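# Structural characterization, general
One-letter residues, chain by chain:
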Amino acid sequence: MAADPANLAYVRTEEAPLLPPPANEAGVRGWLIKNLFSSPLNSLLTILVGAFLIWLIWDTVKWGLFDAVWTGENREACTGEGVGACWPLIWDKFPQWMYGFYPIDQRWRPNLVFLIGGAALIPMLIPSVGGKLWNAMFLLIFFPLITIILLSGGHVNFLAQTYAAVIALLLLAAVIVPIAAFGLEDGLQRNRPGIILAAAALLVWLGGFLVDTPSISIGFARVNALPFFSMLLAFLAGVVSLKVALADNSGAGRSALKGWALIAGGLLLAMLLLDIDFGLEPVETSQWGGLLVTLVVAVTGIVASLPIGILLALGRRSKMPVVRMFSIVFIEIWRGVPLITVLFMSSVMLPLFLPEGVNFDKLLRALVGVALFSSAYMAEVVRAGLQAIPRGQYEGAQALGLSYWQMMAKIILPQALKISIPNIVGNFISLFKDTTLVSIIGIFDLLGIVQAGLRDANWASAASAPTGYFTVALIFWVFCFGMSRYSMFIERRLATGHKR
Amino acid sequence: MAEPARKLEVGDEVAVQIVGMNKWYGEFHVLRDINLTVYKGERIVVCGPSGSGKSTLIRCINRLEEHQAGKIIVDGIELTNDVKRIDEVRREVGMVFQHFNLFPHLTVLENLTLAPMWVRKMPKAEAEEVAMTYLTRVKIPEQAKKYPGQLSGGQQQRVAIARALCMNPRIMLFDEPTSALDPEMIKEVLDVMVDLAQTGMTMLCVTHEMGFARQVANRVIFMDQGQIIEQNSPVEFFTNPKSDRTKLFLSQILH
Ligand SMILES: Nc1ncnc2c1ncn2[C@@H]1O[C@H](COP(=O)(O)OP(=O)(O)O)[C@@H](O)[C@H]1O
Ligand SMILES: [Mg+2]
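Residues numbered from 1 in each chain as written. Chains lettered and ligands numbered in written order. Predicted model: local features only at pLDDT ≥ 70, side-chain atom pairs only at ≥ 80, totals over all residues. Heavy atoms only, no water.

We now examine the interface of chain A and chain B. Often, the extent of an interface is quoted as the loss of accessible area upon association of its parts. Counting from both sides, the interface comprises 21 residues of chain A and, opposite them, 28 residues of chain B. Where chain A abuts chain B, roughly 2100 Å² becomes buried across the two surfaces, and 58% of that area is made up of carbon and sulfur atoms. In this assembly, chain A and chain B are joined by two salt bridges. In this structure, the salt-bridge partner of Glu65 of chain B is Arg391 of chain A, at a minimum N-O distance of 3.9 Å. At the junction of chain A and chain B, the tally comes to six residue pairs in polar contact (both at pLDDT 80 or more). Secondary structure elements with two or more residues in the side of chain A that touches chain B: helix 16 (391–399) and helix 17 (404–434) of chain A. Per element, the largest residue contribution to the side of chain A that touches chain B is eight residues, and it comes from helix 16 of chain A. By residue class, the composition of the side of chain A that touches chain B is six nonpolar, nine polar and six charged. (Contact = heavy atoms within 4.5 Å. Buried area = accessible area lost by both parts, 1.4 Å probe. Salt bridge = Lys/Arg side-chain N within 4 Å of Asp/Glu carboxyl O. Polar contact = N/O pair within 3.5 Å; in protein donor to acceptor, adjacent residues only side chain to side chain. Helix = DSSP H or I, 4+ residues; strand = E, 2+ residues; numbered from the N terminus. Nonpolar A, V, L, I, M, F, W, Y, C, P; charged D, E, K, R; others polar.)

What follows is the structure, given as structure tokens:
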């Protein structure tokens, strides 16, 4: 019933029937035609690629299963002609791959860490399980503490000076409390004495580096005069600032004070916990190794880089020139340096800058380097996400009276992070793989320990190296593929509500 | 028009006072010597050609834009760089945008309860109750659990109005609330706005819906090239425009 062009008036008299789609749109045949054989060129490519894949898979299976050696005590088992994978090597080395040179009788400690971490992570990753806030708090605050204590043995033995310095720093940081409560201008105005004292404390402390001062006796100990005075000034600055915050009865001062007290108390509590002797045998970080170290480095980098990266990204888009400049300089410096250089710097250069006697653990230094390095990359990923949020979202939030941090936390970041998920996880994955670089500064991560194991004369055979590298590649792939799939799952899940 | 322009019981209390206000975008003088007093309970319609500075003017009132000279006093609070005052003003001034600016990652209900809970520190249950009251008033209580992306444009704009009302504002600003809507949805949004006008809300509304202006406005302001050219009661404004620019504008928009 085509409309007659000469006669445009037209009225439908019968319903057009609802039909199933034509055969080449549905079913196995339709799928094959559409995806694999839609044109002669595509058919040719399908056949060529298919043949190559079959050949590859067949060879791998042959190598890994049919020609493989499954049992044996040493290299003898794997030296024959045409031998495939040498699996006994893996059985023998596997514990070392997991824990490095961690003392064998203490390996229940990393196992316990894996167990607790897994038990806390799984409910975190399943969206329908509730209590996410507590779960995240456990993973971000308590789990790291437990890990440090279990793995290293705790009992750090902080010096009295260290406690004094941390307390002084916390009190010095308290000058921010009035600013946080009353805004920059008002906060500065109300807390003049506190700011002046804090500045004096910093100056005196810096002075301590330039001039040698005599040590003085304070009853029970002899201390260096300038650092001691600096601490006293910091102490006063803190007390004055906290009093300013307390003096205001609008509630803003009190809640800022509470926040400070929570952080300060938490930090000191953490120090105490690390200080306590739980009776665990100390295990030097140089003895840690294998997957354990890979996970420690990767998880630290991942967990630290996201919040720091978000702050840097917000800083880079801030209206305050100082904050913006600092963020840009920080990001561009770290992005301009290869990770290997960062690791070398952390292991060789950093000790040169630190005052004598102060000695950070090598692994700890690498962790800080990796975390800051990945933060810079994360910052740029998050910034790209922020740029994709239309101005109307900011205006909508502002018009409702939300403060900057409320707007960011509730409106802008949830959306920006959601669109950034693929790139964020991409960063996580490349960070996970880049952790292998720490082997260059003598830390035995998974790849490092595998390579070390391959030098073992006991297992020297032509089949060892391929077996070892294949397995380590497989382990890395499982982790990275897992992250990738999980990110796709979360993306789909978050997308549902917004489809039109 | 069936209904004559209502006689208004406008108090002497001032809601918004703008005195000698000027604003520039870089070198461009976008608002020139704006003087305007809005009394409590007044409904003002702002119209004028595109680019005349209507949006900029009403966005200055809640400080989405900063003015460089003159004074803006909203509900007794003068707008300066002081962040606290800006926050105070924004709490009292609701705004509805041309493109709704709903938060797509939150449900309709969450869009409505967010600001009362975080800005007004209202308990969740109470905020939800208030939200449902306003959703009922804009006639879409059944959409509370949906996401904005699942609603039609007209429904989204009604949610946006309800969202602003949930903060219990004293003044409402509308920036072309119906310009992005398909014709069949314009009426449902205008109905809600007429309804709101009848409750005595102070309203400043940029719109080209002249029917709406005739029905609810007690003053129409005509802007051109960053200046207020003419203001009058709607009847006078439409039937007896004084300036040539107004006449030209009206002739273009009414036919
Ligand atoms: N952010 C901005 N930067 C520079 N010029 C702008 C900006 N926003 C608006 N303008 C200009 O200011 C003038 C007034 O804009 P606007 O208030 O949006 O007009 P209206 O709402 O009346 O159409 C226009 O010429 C516009 O191009
Ligand atoms: Mg406009």
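A few words on unusual backbone geometry. Most peptide bonds are trans, and most residues other than glycine sit at a negative phi. All names here are of chain A. Even without a glycine there, the phi angle at His155 is positive, about 50°. Structurally, the position occupied by His155 is in the loop between helix 5 (132–152) and helix 6 (160–173). Residue classification places His155 among the partly exposed positions, given a relative accessible area of 34%. (Buried < 20%, exposed > 50% of the residue type's maximum accessible area, 1.4 Å probe, protein only.)

One pass over the structure, following the stated rule, counts three cavities of 30 Å³ or more. Roughly 40 Å³ of volume is contained in the largest cavity. Taken together, Gly396, Ala399 and Leu400 of chain A together with Gly94, Met95, Phe97, Arg163 and Ala164 of chain B make up the full set of residues lining the largest cavity. The set of elements that each furnish at least two residues to the lining of the largest cavity consists of helix 16 of chain A together with strand 6 (93–96) and helix 5 (153–165) of chain B. In terms of residue class, the lining of the largest cavity is made up of five nonpolar, two polar and one charged. (1 Å grid on protein atoms, 1.4 Å probe; cavity = no way out; pocket = protein on both sides within 12 Å on 5 of 7 lines; lining within 4 Å. Points joined across faces, edges and corners; volume = space filled by probe spheres on them.)

Another aspect to go through is the sheet that holds strand 4 (residues 69–74) of chain B. Residue and element names in this part refer to chain B. Spatially, 2-1-4-5 is the arrangement adopted by the four strands of the open sheet, whose pairing is antiparallel. With one partner strand each, in any of the chains shown, strand 2 (28–39) and strand 5 (77–78) form the two edges of the open sheet. Bridge count between strand 1 (residues 14–25) and strand 4: five bridges; the pairing is antiparallel. What sits directly across from Val16, in strand 4, is Val74. Packing of helix 1 (residues 54–61) onto the sheet brings it into contact with strand 1, strand 2 and strand 4, and relative to strand 1 it is tilted by some 125°. (Pairing = 2+ DSSP bridges. Axes fitted to C-alpha atoms, helices over the stretch in contact; angles between N-to-C directions.)

Residues and elements named next belong to chain A. Counted according to the given criterion, the structure contains 18 aromatic pairs over all chains. Ring geometry for Trp70 against Trp87: centres 6.1 Å apart, planes inclined by 35°, an arrangement best described as tilted. Placement of Trp70 in the loop between helix 2 (40–66) and helix 3 (87–99) and of Trp87 in helix 3 is noted, with a sequence separation of 17 residues between them. With relative accessibility at 42%, the residue Trp70 sits in the partly exposed group. Overall, Trp87 belongs to the buried group, its relative accessible area being 12%. Ring geometry for Phe101 against Phe444: centres 5.8 Å apart, planes inclined by 85°, an arrangement best described as edge-to-face. Of this pair, Phe101 sits in the loop between helix 3 and helix 4 (108–125) while Phe444 sits in the loop between helix 17 and helix 18 (446–454), placing them 343 residues apart in sequence. (Phe/Tyr/Trp six-rings, centres within 6.5 Å; stacked < 30°, edge-to-face > 60°.)

The next thing to look at is the pairing of strand 9 (residues 219–224) of chain B. Residue and element names in this part refer to chain B. Among the six residues that make up strand 9, six are buried, leaving the element largely enclosed by the rest of the structure. The alternating pattern of strand 9 places Arg219, Ile221 and Met223 and Val220, Phe222 and Asp224 on opposite faces, both of which are buried. Between strand 9 and strand 10 (residues 227–232), which pair antiparallel in sequence order, lie two residues; one of them, Gln225, sits at a positive phi of approximately 50°.

All names here are of chain A. According to the domain assignment, chain A consists of domain 1 (59–102 + 444–500), domain 2 (157–282) and domain 3 (294–439). Relative to domain 3, the C-alpha centre of domain 1 lies at a distance of 31 Å. Contacts between the two partners involve 14 residues from domain 1, matched on the other side by 14 residues from domain 3. Three residues, Asp445, Phe476 and Met483, lead the burial of domain 1 against domain 3; their summed loss comes to 39% of the area buried on that side. The interface formed by domain 1 and domain 3 holds one residue pair in polar contact (both at pLDDT 80 or more) in total. For the side of domain 1 that touches domain 3, the secondary-structure elements that each account for two or more residues are helix 18 and helix 19 (464–495). With nine residues, the single largest contributor to the side of domain 1 that touches domain 3 is helix 19. Each residue belonging to the side of domain 1 that touches domain 3 can be placed in one class, and the counts come to eight nonpolar, four polar and two charged. (Domains from an automatic or database assignment.)

The next point concerns the packing of helix 6 of chain A against helix 11 (residues 252–275) of chain A. Residues and elements named next belong to chain A. Packing of helix 6 against helix 11 leaves a shortest axis separation of 10 Å and a crossing angle of 170°. One finds that helix 6 runs roughly antiparallel with respect to helix 11. Remark: the crossing between helix 6 and helix 11 carries right-handed chirality. Note on element contacts: helix 11 touches helix 6 through Trp260, Ala264, Leu267, Leu268, Met271, Leu272 and Asp275, opposite Thr162, Tyr163, Val166, Ile167, Leu170, Leu171 and Ala173. When the residues that make up the contact of helix 6 with helix 11 are grouped by side-chain class, the tally is twelve nonpolar, one polar and one charged. (Parallel < 35°, antiparallel > 145°, perpendicular 65-115°, else oblique. Left-handed = near helix turned anticlockwise from the far one by under 90°.)

Covalently bonding the sulfur atom of one cysteine to the sulfur atom of another cysteine gives a disulfide. Under the definition given, this model contains one disulfide over all chains. A sulfur-sulfur distance of 2.0 Å marks the disulfide that ties Cys78 of chain A to Cys86 of chain A. With the S-S dihedral at roughly 70°, the linkage between Cys78 of chain A and Cys86 of chain A falls on the right-handed side. Judged by its relative accessible area of 3%, Cys78 of chain A is buried. Cys86 of chain A sits in the buried class, given a relative accessible area of 0%. Summary of cysteine pairing: Cys60 of chain B is not part of a disulfide, and the nearest cysteine sulfur, belonging to Cys205 of chain B, is at 17 Å. Residue Cys60 of chain B is classed as buried on the basis of its relative accessible area of 0%. (Disulfide = S-S within 2.5 Å.)

Residues and elements named next belong to chain B. The strand order 6-7-8-3-9-10 describes an open sheet built from six strands, whose pairing is mixed. The sheet terminates laterally at strand 6 and strand 10, the two strands that pair on one side only. If you compare each strand with its neighbour and ignore which way they point, the axes differ by 20° on average. The pairing of strand 3 (residues 43–47) with strand 9 spans four bridges and is classified as parallel. Within the sheet, the bridge partner assigned to Cys47 lies in strand 9 and is Phe222.

Here we take up the pairing of strand 8 (residues 202–206) of chain B. Every regular strand shows the same layout, with side chains that alternate between the two sheet faces. Residue and element names in this part refer to chain B. With five of five residues buried, strand 8 lies mostly within the body of the structure. As judged from the four bridges shared by strand 3 and strand 8, these two strands associate in the parallel manner. Each residue of the ladder has a partner; that of Ile44, found in strand 8, is Leu204. In this sheet, strand 8 lies alongside strand 7 (residues 171–175) in parallel orientation, the contact comprising five bridges. The residue of strand 8 that forms the bridge with Met172 is Met203.

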